[in-house]
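Structural description and commentary
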Amino acid sequence: EAAVTQSPRNKVTVTGGNVTLSCRQTNSHNYMYWYRQDTGHGLRLIHYSYGAGNLQIGDVPDGYKATRTTQEDFFLLLELASPSQTSLYFCASSGDRGRGTEVFFGKGTRLTVV
Amino acid sequence: GDSVTQTEGLVTLTEGLPVMLNCTYQSTYSPFLFWYVQHLNEAPKLLLKSFTDNKRPEHQGFHATLHKSSSSFHLQKSSAQLSDSALYYCALSASSGSWQLIFGSGTQLTVMP
């Protein structure tokens, strides 16, 4: 089964702090995604990438940067963290972005901004 | 734009009773529909997805029927098990949205003994 690994699994930071969430997939997938999960909103796409060096904006990108350094590694950066960014973050990958393609998720990183 | 609506945020029922979780959608073009399931402290994973040939997808006792006339893809199971307790997401993917996976707000299913 496809593997997506996120680190850290839990993180607490202060308002205005700098945070980097890491994600690695070993599926040789082209596409990687960052979602945030909030009660009442479901999963919302922050950024995604279709290859090393590529970055696409999702639906809720404000306050987030992302970087895809290799096919395997995708990072989410919060440079001035705010309490509104307290959430559960999921990284995911897929081989394609076409019809009926399955997306594989990591177990999530719980971020708390105090 | 494309959207998915799950009207029930929380569903609680007794083991052995039937399950039906509602999902309706809006899309300009014929989308693919999915159900993802997320157990506590686990990653969301695909439960089932619609077929292009109108076959009914089934997995682990769950099934869903795509009704284009009513834009619905409700999830059903004849008899709930305790292990079915989880967060369920309906999602769609369509060419009108560049095949981006769009999720509903999710339904938390709790099955009681």
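This text follows the structure it describes.
All chains use their own residue numbering, which begins from 1 and follows the written sequence. A letter from A marks each chain and a number from 1 marks each ligand, given out in the order of writing. In view of the model being predicted, local features appear only for residues whose pLDDT reaches at least 70, and side-chain atom pairs are presented and counted only at 80 or more, with totals across whole chains, interfaces and linings using the full set of residues. Values reported for side chains reflect all heavy atoms of the structure, with hydrogen atoms and water molecules removed beforehand.

Secondary structure assignment for chain A yields zero helices and 11 strands. Helix and strand assignments come from DSSP, with helices taken as H or I runs of at least 4 residues and strands as E runs of at least 2, each series counted from the N terminus. Going from the N terminus to the C terminus, chain A shows its helices and strands as β-β-β-β-β-β-β-β-β-β-β. Computed over its C-alpha atoms, the radius of gyration of chain A comes to 13 Å, within 12% of the 13 Å expected for a compact globule of 114 residues. Considered along the principal axes of its C-alpha atoms, chain A spans approximately 40 × 30 × 25 Å. Each residue's exposure class comes from its accessible area (1.4 Å probe, protein chains only) as a fraction of the maximum for that residue type: buried when under 20%, exposed when over 50%, partly exposed otherwise. Here chain A holds 114 residues, and 51% of them are scored as buried. Computation of the radius of gyration draws on C-alpha atoms alone. For the globule rule, the value is 2.2 Å times the number of residues to the power 0.38.

Bringing a nonpolar patch on the surface into the picture now. Residue and element names in this part refer to chain A. On the surface, Val12, Val14 and Val114 cluster together into a nonpolar patch covering about 290 Å² of accessible area. Note on placement: Val12 falls in strand β2 (residues 10-13). Classification of Val12 as exposed rests on a relative accessible area of 58%. A patch consists of residues whose relative accessible area exceeds 30% and which take part in no salt bridge; residues with like charges are grouped when within 9 Å of each other, and nonpolar side chains (Val, Leu, Ile, Met, Phe, Trp, Tyr) when within 5 Å. For accessible areas, the Shrake-Rupley method is used with a probe of radius 1.4 Å. Any residue's cover is judged against the shown protein chains and nothing else. By definition, a salt bridge exists where a carboxyl oxygen of Asp or Glu is found within 4 Å of a side-chain nitrogen of Lys or Arg.

With that settled, the discussion passes to the pattern of salt bridges. For the coordinates displayed, the defined rule picks out six salt bridges over all chains. A:Arg24 serves as the salt-bridge partner of A:Asp73, at 2.8 Å between the closest nitrogen and oxygen. With A:Asp73 in strand β8 (residues 73-78) and A:Arg24 in strand β3 (residues 19-25), this residue pair connects regions lying 49 residues apart in the sequence. Residue B:Asp84 is joined to B:Lys77 by a salt bridge in which the shortest nitrogen-to-oxygen separation is 2.8 Å. There is no split in this pair, since B:Asp84 and B:Lys77 are both buried. Where salt bridges share partners, they join A:Arg36, A:Asp38 and A:Arg44 into one cluster.

This part takes up the packing of aromatic side chains. Residues and elements named next belong to chain A. Pairing of aromatic side chains here covers Phe, Tyr and the six-membered ring of Trp, requires ring centres within 6.5 Å, and sorts the geometry by plane angle: under 30 degrees stacked, over 60 edge-to-face, intermediate tilted. Going through the model one piece at a time under the given rule, you end up with 15 aromatic pairs over all chains. A ring pair is formed by Tyr31 and Tyr33, whose centres lie 6.3 Å apart and whose planes are at 15 degrees; its orientation type is stacked. Classification of Tyr31 by relative accessible area gives buried; the value is 16%. Overall, the relative accessible area of 4% leaves Tyr33 in the buried class. Seen from their ring centres, Tyr35 and Phe105 are 5.6 Å apart, and the 45 degrees between their planes marks the pair as tilted. Taken together, the residues span a long stretch of sequence, with Tyr35 in strand β4 (residues 31-38) and Phe105 in strand β10 (residues 104-105) at a distance of 70 residues. For the pair shown, Tyr35 and Phe105 are each scored as buried.

In this section: the sheet that holds strand β8 (residues 62-64) of chain B. Residue and element names in this part refer to chain B. Spatially, the four strands line up as an open sheet ordered β3-β9-β8-β7, and their pairing is antiparallel. With one partner strand each, in any of the chains shown, β3 (19-21) and β7 (58-59) form the two edges of the open sheet. Only strands that DSSP links by at least two bridges are regarded as paired with each other. Strand direction decides the pairing type here: β7 and β8, joined by two bridges, are antiparallel. Residue His59 lies in a different strand from β8, and its bridge partner there is Phe62.

What follows deals with the interface of chain B and chain A. The interface of chain B with chain A comprises 21 residues on the first partner and 21 residues on the second. Joining two parts hides part of their accessible area as seen by a 1.4 Å probe, and the buried area is that hidden amount summed over both. Note on chain B versus chain A: buried area summed over both sides is about 1700 Å², and carbon and sulfur give 55% of it. For the chain B face of the interface with chain A, the top three residues by lost area are B:Trp99, B:Gln100 and B:Phe103, together amounting to 28%. Between chain B and chain A we count one salt bridge in total. Of the charged contacts, one joins A:Lys107 and B:Glu42 as a salt bridge, the two residues approaching to 3.9 Å between their closest N and O atoms. Any pair of N or O atoms that falls within 3.5 Å is considered a polar contact. Within protein, one atom must be able to donate a hydrogen and the other to accept it, and sequence-neighbouring residues count only if both atoms are side-chain atoms. Run the count over chain B and chain A and you get four residue pairs in polar contact (both at pLDDT 80 or more). Those elements giving two or more residues to the side of chain B that touches chain A turn out to be β5 (32-38), β6 (45-49) and β10 (86-93) of chain B. The element that contributes the greatest number of residues to the side of chain B that touches chain A is β5(B), accounting for four residues. Grouping the constituent residues of the side of chain B that touches chain A by class yields 11 nonpolar, eight polar and two charged. By the convention used here, residues are in contact when the closest approach between their heavy atoms is within 4.5 Å. Each residue receives one of three labels: charged for Asp, Glu, Lys and Arg, nonpolar for Ala, Val, Leu, Ile, Met, Phe, Trp, Tyr, Cys and Pro, and polar for the others, Gly being one of them.

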